[in-house]
Amino acid sequence: MKKLFIIATIAMGLATTSCDSYLDINQDPNSPQEKDMTPSILFPATEMSLTASYGDLFRIPAGYHAQQFAQEFGTSNYLDYSRFTMSATRSSTGYWQLMARTLKNLETVRKLATENEEWGTYLAATTLRAFGFQALVDAYGEVPFSEAFQGSANPSPKYDDGKDIYAALIAELEDALSKASANDPVATNFLFPGERAGAWISFAKSLLLKLMMRESGVVDVTSKLDALVAQGDFIDFDVAYEGCWKNESGQMSPYYAEEFSTAWGSTQINVIANIALVGTMQEKNADGDIVYQDPRLAAFYNTNASGEFTGGVSGTNFSTAADSYPVNYWCRPKASYDMPVYLLTYSEVEFFLSEYYAKKGDATNAAAHYNGAIGASFATAGVAGAGDYVARYPYDQSNYKKVLGIAKWVALAGVNNFEAWCEMRRLDYPAFGTVKGTDIYDGENADSYHPERYQPGTLYTPIQVFGQVGPNKILERWPYPSNSASANGNAPKFTDADYVKPVFWGM
């Protein structure tokens, strides 16, 4: 695995605010004294740390765990992910990057902004802090929060329950929103460069919607949700880091740099499309002819050398024998050095609003927002055909979780695989069908690959599945990272049963 996490070493003390400087990981600047630190110095470097962890080190394993990625034959870099495994060691890099770099530095920005009453900057830092902690809770369930970042004064902070962290994040966002006004200036940043706090307000409110909808199945937030939805002012745009990447080593979009660039000297191919995604986005008749293909499939993946979309099977890396599959048989994700790192999309907000109205039994509004979510997803993918998709897969109030779950899983496949893994765990869709991975491919023989056996819109047990997960189950959480738990006497014990124990919002 290429050491993408070293993007974080771009340093807190860069004197310039140019994108080139913040992205140049080859610099070795001296950090400024604390008295000289400003939000505009610290914020951009912190954002790059966020993109390196969330946009890459969280995205790749989650893509396998969501059965959107499969492992290319002949390589084994992510074969464990493909088998629904995550080790405490493997999860440490992304955790450390997000906790020790991003969130710790955002707390410093919040402190500096408070001292100077810079409430636009305070809101921006609070929003990204809430976003980062939410991702950690969604991945691990419990993480240090209330006692985090105390250094030598408390080297063993307690791990707070995810439910309590969510409640605290919501309170922090509400407090920050009460302090900021749309015209308040914001420190130098890459997310909304040149914008005042108005865009951050919409982002913060949309993040509140996401947090409350995630917890709404286990926490009564009805009154808060009703007030938030009535207030509106959610994003009608995608929140993403884009326009700040360059086709140079250390300055590329992190997921591309990790998996697709040869700038690091690696030509290894790992990520390919999963048959679950390809088989769901294509509709075939009894003869195997394609009668409908979701236009987003071509936006998310390249075809193989024969101009076809082919998907691998979870739990194997396929044979490298001469009579097996050539290198260009499988479909690879579309990626570019300047591809966005999405934090929250307009489509996701519309999906949450559709679910909000569905739970209230308001089928009319639920359908309208479902249609809006599909339209927004097609717009993000840059393709037409949302109306055709809705006509084929219309909203169904009597089965709304399934409709929303599968549609959201597809929409996020080429955008944000980590959120796809989260939402499928929460909504319980896609669900497991009756077909297993071994029914599609025996793991050895080329002539045993039968993609036509896959059941569209379902998951399947990988050919070889992690024993602690087992058949017809998905990995529900990642083990506590070794670089935190091994040095923390207050870290909870992670047992084999915890691999399939949902985080608090999934129970």
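Residues numbered from 1 in each chain as written. Predicted model: local features only at pLDDT ≥ 70, side-chain atom pairs only at ≥ 80, totals over all residues. Heavy atoms only, no water.

## Describing the overall build of the chain
Rules: Helix and strand definitions follow DSSP, with helices as H or I runs of at least four residues and strands as E runs of at least two, each counted in order from the N terminus. Values of the radius of gyration come from C-alpha atoms, whereas the globule rule sets the reference at 2.2 Å times the count of residues to the power 0.38. Burial classification: accessible surface area is computed with a 1.4 Å probe over protein chains only, and a residue below 20% of its type maximum counts as buried, one above 50% as exposed, and the rest as partly exposed. The contact criterion used throughout is that any non-hydrogen atoms of two residues lie within 4.5 Å. With residues, only the protein chains shown are counted as cover, and all accessible areas are computed by Shrake-Rupley using a 1.4 Å probe. His is not counted, nor are the chain ends, whereas Lys and Arg count as positive and Asp and Glu as negative. A charge is said to be at NZ when it belongs to Lys, at CZ for Arg, at CG for Asp and at CD for Glu.
In terms of helices and strands, the chain carries 19 helices and 10 strands. Here the C-alpha atoms of the chain give a radius of gyration of 22 Å, agreeing with the 23 Å that 2.2 N^0.38 yields for 507 residues. Once the C-alpha set of the chain is aligned to its principal axes, its extents read approximately 70 × 55 × 45 Å. Here the chain holds 507 residues, and the buried ones make up 57% of them. Within the chain, residue pairs in contact and separated by at least 24 positions form 75% of the contacts whose partners lie at least 6 positions apart. Surface exposure of the chain reaches about 18,800 Å², of which carbon and sulfur atoms provide 47%. The distance from the centre of the 38 positive side-chain charges to the centre of the 58 negative ones in the chain is 4 Å.

## Details of the environment of alanine 62
Within the secondary structure layout, alanine 62 lies in helix α3 (residues 59-65). Sequence-wise, alanine 62 and serine 82 are 20 residues apart; in three dimensions their C-alpha atoms are separated by 9.7 Å. Not counting residues up to four positions away in its chain, the partners in contact with alanine 62 are Asn417, Phe418, Trp421 and Trp478.

## So, the packing of helix α13 (residues 346-359) against helix α14 (residues 363-381)
Applied cut-off: In this analysis an axis means a line fitted to C-alpha atoms, helices contributing only their contacting stretch, and an angle means the value between N-to-C directions, from 0 to 180 degrees. The cut-offs work like this: below 35 degrees is roughly parallel, past 145 is roughly antiparallel, 65 to 115 is roughly perpendicular, and the gaps in between are oblique. Left-handed describes a crossing in which the near helix is turned anticlockwise from the far one by less than a right angle; the clockwise case is right-handed. Here the nonpolar group is Ala, Val, Leu, Ile, Met, Phe, Trp, Tyr, Cys and Pro; Asp, Glu, Lys and Arg are the charged ones; every other residue, Gly included, is treated as polar.
Closest axis-to-axis distance for the α13/α14 pair is 8 Å, and the angle between their directions is 165°. The angle between α13 and α14 falls in the class roughly antiparallel. Viewed along their axes, α13 and α14 form a crossing whose handedness is left-handed. Residues Tyr346, Ser347, Glu350, Phe351, Leu353, Ser354, Tyr357 and Ala358 of α13 form the contact with α14, whose participating residues are Asn365, Ala366, His369, Tyr370, Gly372, Ala373, Ile374, Ala376 and Ser377. Here the residues of the contact of α13 with α14 sort into 10 nonpolar, 6 polar and 1 charged.

## Quick look at the environment of leucine 211
Along the chain, leucine 211 turns up in helix α8 (residues 197-215). For the pair formed by leucine 211 and tyrosine 166, sequence separation is 45 residues and the distance between their alpha carbons is 7.0 Å. Ignoring sequence-local partners within four residues, the contact set of leucine 211 consists of Gln134, Tyr166, Leu169, Ile170 and Leu173.

## What to know about the nonpolar core
Definition in use: Joining through side-chain atoms within 4.5 Å is the link that ties buried Ala, Val, Leu, Ile, Met, Phe, Trp, Tyr and Cys residues into a set, and such a set is a nonpolar core.
By size, the foremost hydrophobic cluster in this structure holds 156 residues, and its most contacted members are Leu128, Leu136, Trp200, Phe203, Leu209, Leu343 and Phe418. At 13 residues, helix α6 (residues 119-140) tops the list of elements feeding residues into this core. Setting aside chain neighbours within four positions, we find leucine 128 in contact with Phe43, Glu47, Leu50, Leu103, Leu106, Leu191, Trp200, Phe203, Tyr241 and Leu343.

## Structural notes on α6
Keep this limit in mind: The length a helix should cover is 1.5 Å for every residue beyond the first.
For α6, built from 22 residues, the straight-helix expectation of 32 Å at 1.5 Å per residue is met to within 8% by its first-to-last C-alpha distance of 31 Å. In terms of burial, α6 is largely enclosed, as 21 of its 22 residues are buried. Of the residues trailing α6, glycine 141 is marked for its positive phi of about 90°.

## As for the pairing of strand β7 (residues 290-293)
Put simply, the rule reads: Here a strand pair is declared whenever DSSP counts at least two bridges between the two strands.
Across 3 bridges, the pairing between strand β6 (residues 282-284) and β7 is antiparallel. Its bridge partner lying in β7, glutamate 283 is registered against tyrosine 292. Taking the residues that link successive antiparallel strands as the turn, the β6-β7 hairpin has 5 residues, and the phi of glycine 288 there is positive, at about 85°.

## Some points on the side chain of threonine 126
Tracing the backbone through its elements, the reader meets threonine 126 in helix α6. According to the relative accessible area criterion, threonine 126 is buried, its value standing at 0%.

## With respect to the packing of aromatic side chains
What counts, and what does not: Stacked, edge-to-face and tilted labels apply to pairs of Phe, Tyr and Trp rings (six-membered ring for Trp) whose centres lie within 6.5 Å, assigned for plane angles under 30 degrees, over 60, and everything in between, in that order.
Counted under the stated rule, the structure contains 40 aromatic pairs. Ring centres 4.9 Å apart and planes at 85° place the aromatic pair phenylalanine 466 and tyrosine 499 in the edge-to-face group. Highlighted residues: phenylalanine 466 in the loop between β10 (458-459) and α19 (482-485) and tyrosine 499 in the segment after α19, separated in sequence by 33 residues. By the burial criterion, phenylalanine 466 is buried, and tyrosine 499 matches it. A network of ring pairs unites the aromatic residues Tyr54, Phe58, Tyr95, Phe131, Tyr140, Phe418, Trp421 and Trp478 as a single cluster.

## Side note on the pattern of salt bridges
Which entries qualify depends on this criterion: Salt bridges are defined by distance alone: a side-chain nitrogen of Lys or Arg within 4 Å of a carboxyl oxygen of Asp or Glu.
Counted by the stated rule, this structure contains 24 salt bridges. Where glutamate 172 meets arginine 129, a salt bridge forms, and the shortest distance between an N and an O atom there is 2.9 Å. Taken as a pair, glutamate 172 in helix α7 (residues 162-179) and arginine 129 in helix α6 lie far apart in primary sequence, 43 residues in all. Comparing glutamate 172 with arginine 129, the two get one shared label, buried. In this structure, aspartate 175 and lysine 179 form a salt bridge, with 2.6 Å as the shortest nitrogen-oxygen distance. Here the residue aspartate 175 and the residue lysine 179 both occupy positions in helix α7, the gap between them amounting to 4 residues, near one helical turn. Each of Asp138, Lys210, Arg214, Glu355, Lys359, Lys408, Glu419, Glu423 and Arg426 takes part in a single network of salt bridges with overlapping partners.

## Examining unusual backbone geometry
Here the amide bond leading from tyrosine 429 into proline 430 is cis, since omega sits at 0°, within 30 degrees of zero. Counting through the fold element by element, proline 430 comes out in the loop between α17 (417-427) and β9 (431-432). Not every positive phi belongs to a glycine, and glutamate 117 is a case in point at roughly 55°. With respect to the element layout, glutamate 117 can be found in the loop between α5 (92-115) and α6.

Keep in mind these numbers describe shape, not what the thing actually does.
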